Amino acid sequence: MMSRDSTASLSTNFGRRDFLAAASVALSGGLAGCAGAFAEEGGQVNIAGSSTVFPVTEAIASSFSEENPTINLSLSKTGTGGGFGNFFCAGRTDINNASRGIADAEIEQCGENGVTPIELPVATDALTVVVNPEADWIDCLTVEQLREIWRADGAERWSDINDDWPDEPFELYGAATTSGTFDYFNEAVVGEEANHTSDYYATERDRTIVQGIRGSETAMGYFGFSYYSENPDSIKAVSIDNGNGCVEPSIQTAMSGTYKPLSRPLFIYVAKESLTKPAVRDFVRFYMNKATTDLVSEVGYVPLTEQQRDENLAKLDTAIAEVTE
């Protein structure tokens with residue numbers, strides 16, 4: 001089951017609270033009718049991609065808008081793969097939010113359309129497995145148990161994992177197949193020798209997962225830590241045992257590297273060709289500097305280190321010099 005893309009077209013002449021409210025709903029306009037990423041649009045920056053990275057970009061874009069009211073931002077949740085395939089590599093957006101690295105096929109598609117992707121890490125996420133708070137039988141899962149729940153032809157009922165758990169079927173909620181979160185979870189948990197189950201509710205709308213988990217005692221889902229951190233009283237995070245005991249998802253465990261295998265880097269990809277536009281250059285520079293601040297931790301992710309920021313800015317400056325000389 002796939003969700004419809006949620007698009008937020010963001011006007012930049014109002015404050016952060018209004019901006020965040022507008023960004024959380026689908027509005028008319030959006031990216032569907034936007035001009036090519038490389039057209040002369042003046043103060044326009046078009047962004048699509050990952051719903052996981054969306055809260056980071058949303059928060060930084062809000063801060064940017066307060067200081068740059070004449071620049072217009074368009075921000076859309078399309079999933080990492082949907083963003084690359086339908087927008088970024090098609091030359092329709094300047095930036096793609098991504099919760100995984102760009103795939104070879106996507107690089108090839110970008111090349112065919114004259115798009116040169118520049119990868120910039122922006123944060124670290126603790127991908128989080130969640131259940132209903134009333135599911136008092138579960139607090140921790142081994143990676144192998146998690147794999148049995150989420151692989152095709154795997155466990156179907158809670159009691160298949162543990163005889164003491166309810167003899168009830170799983171109600172599963174997770175990322176759509178266009179999502180980088182799906183790709184990462186599939187690789188880190190399900191593995192190459194099996195396939196991710198298709199018997200689950202797949203969506204790009206992470207708040208739909210929250211609603212589904214809240215509504216069923218037998219439900220389980222997964223998404224970026226940011227969406228759990230918004231709802232800690234209405235859903236329960238499951239600790240993960242990767243062989244060294246149960247570790248709960250948190251900013252601290254993601255930062256320390258103890259939350260394995262579900263800690264992962266988050267990225268934005270910038271079209272090198274779009275760096276000919278002053279608005280894109282200004283926004284990306286602003287983004288890199290804000291990615292080291294509490295703005296990132298406030299939405300539930302680990303900020304960049306100053307060294308990572310400096311490496312990103314050096315890469316950015318090199319690319320800008322190459323397209324503006």
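In what follows, the accompanying structure is described. (Residues numbered from 1 in each chain as written. Predicted model: local features only at pLDDT ≥ 70, side-chain atom pairs only at ≥ 80, totals over all residues. Heavy atoms only, no water.)

Considering the packing of helix α2 (residues 54-67) against helix α11 (residues 278-290)
Let me state the cut-off plainly: All axes are obtained by fitting lines to C-alpha atoms, using only the stretch in contact for helices, and the reported angles, taken between N-to-C directions, cover 0 to 180 degrees. Under the scheme used here, helices are H or I runs from DSSP no shorter than 4 residues and strands are E runs no shorter than 2 residues, and both carry numbers assigned from the N terminus. Note: crossing handedness is left-handed where the near helix turns anticlockwise from the far helix by less than a right angle, and right-handed where it turns clockwise. Note on definitions: a residue-residue contact is assigned when non-hydrogen atoms from the two residues lie within 4.5 Å. Each residue gets one of three labels, nonpolar for Ala, Val, Leu, Ile, Met, Phe, Trp, Tyr, Cys and Pro, charged for Asp, Glu, Lys and Arg, and polar for the others, Gly among them.
Between α2 and α11, the least distance of the axes is 10 Å, while the angle of their chain directions is 115°. Of the two possible hands of crossing, α2 and α11 adopt the one that is right-handed. Where α2 approaches α11, its residues V56, T57, I60, A61, S63, F64 and E67 are matched on the opposing element by D282, F283, F286, Y287 and K290. Across the contact of α2 with α11, the residue classes break down as seven nonpolar, two polar and three charged.

Some points on the pattern of salt bridges
What counts, and what does not: Think of a salt bridge as a Lys or Arg side-chain nitrogen and an Asp or Glu carboxyl oxygen that are within 4 Å of each other.
The tally for this structure, following the rule as stated, stands at 12 salt bridges. In this structure, D94 and K277 form a salt bridge, with 3.0 Å as the shortest nitrogen-oxygen distance. Of this pair, D94 sits in the loop between α3 (80-88) and β4 (95-98) while K277 sits in the loop between β14 (263-271) and α11; the two residues are 183 residues apart in sequence, bridging distant segments of the chain. For R264, the salt bridge goes to D125, with nearest N and O atoms at 2.9 Å. Taken as a pair, R264 in strand β14 and D125 in strand β5 (residues 117-126) lie far apart in primary sequence, 139 residues in all. Each of R100, E106 and D183 takes part in a single network of salt bridges with overlapping partners.

So, the packing of aromatic side chains
For the record, the criterion: Here is the rule: rings of Phe, Tyr and Trp (six-membered ring for Trp) pair when centre to centre is within 6.5 Å. Planes less than 30 degrees apart are stacked, more than 60 are edge-to-face, and the remainder are tilted. For every residue, the accessible area obtained with a 1.4 Å probe (protein chains only) is divided by the maximum for its type, and the residue is called buried under 20%, exposed over 50%, and partly exposed between those limits.
If you walk through the whole model with that rule in mind, you get 16 aromatic pairs. Ring plane angle 75° and centroid distance 5.2 Å describe the contact between F84 and Y269, whose orientation is recorded as edge-to-face. One end of the pair, F84, is in helix α3; the other, Y269, is in strand β14, and 185 residues separate them in sequence. Just as F84 is buried, Y269 falls in that class too. Centroid distance W150 to Y200: 6.0 Å. Interplanar angle 75°. Geometry classified as edge-to-face.

Remarks on unusual backbone geometry
In this structure, P261 follows K260 across a cis peptide bond, with omega equal to 0°. Topologically, P261 is positioned in the loop between α10 (251-256) and β14. A positive phi angle, close to 60°, is found at D153, a residue other than glycine. Assignment of secondary structure puts D153 in the loop between α5 (143-150) and α6 (158-161).

Here's the deal with the sheet that holds strand β11 (residues 236-237)
We count it as follows: A pair of strands is considered paired only if DSSP assigns at least 2 bridges between the two.
Pairing is mixed across the open sheet formed by five strands, whose spatial order is β9-β8-β10-β6-β11. Two strands lie at the open edges of the sheet, namely β9 (201-203) and β11, each paired on one side alone. Bridge count for strand β6 (residues 128-131) against strand β10 (residues 219-223) is four bridges, and the pairing is antiparallel. When the bridges of β10 are listed, T128 appears paired with F223. In this fold helix α8 (residues 206-214) packs onto β6, β8 (171-175), β9 and β10, with an angle of close to 160° to the strand it touches most, β10.

A few points about the sheet that holds strand β12 (residues 239-241)
With mixed pairing, three strands are arranged side by side in an open sheet as β7-β12-β13. Each edge of the open sheet carries a strand with a single partner, namely β7 (140-142) and β13 (246-247). Here β12 runs beside β13; their pairing, made up of two bridges, is antiparallel. Note on β13: the bridge partner recorded for D241 is C246. Packed onto the sheet, α5 meets β7 and β12 and runs at close to 85° relative to β7.

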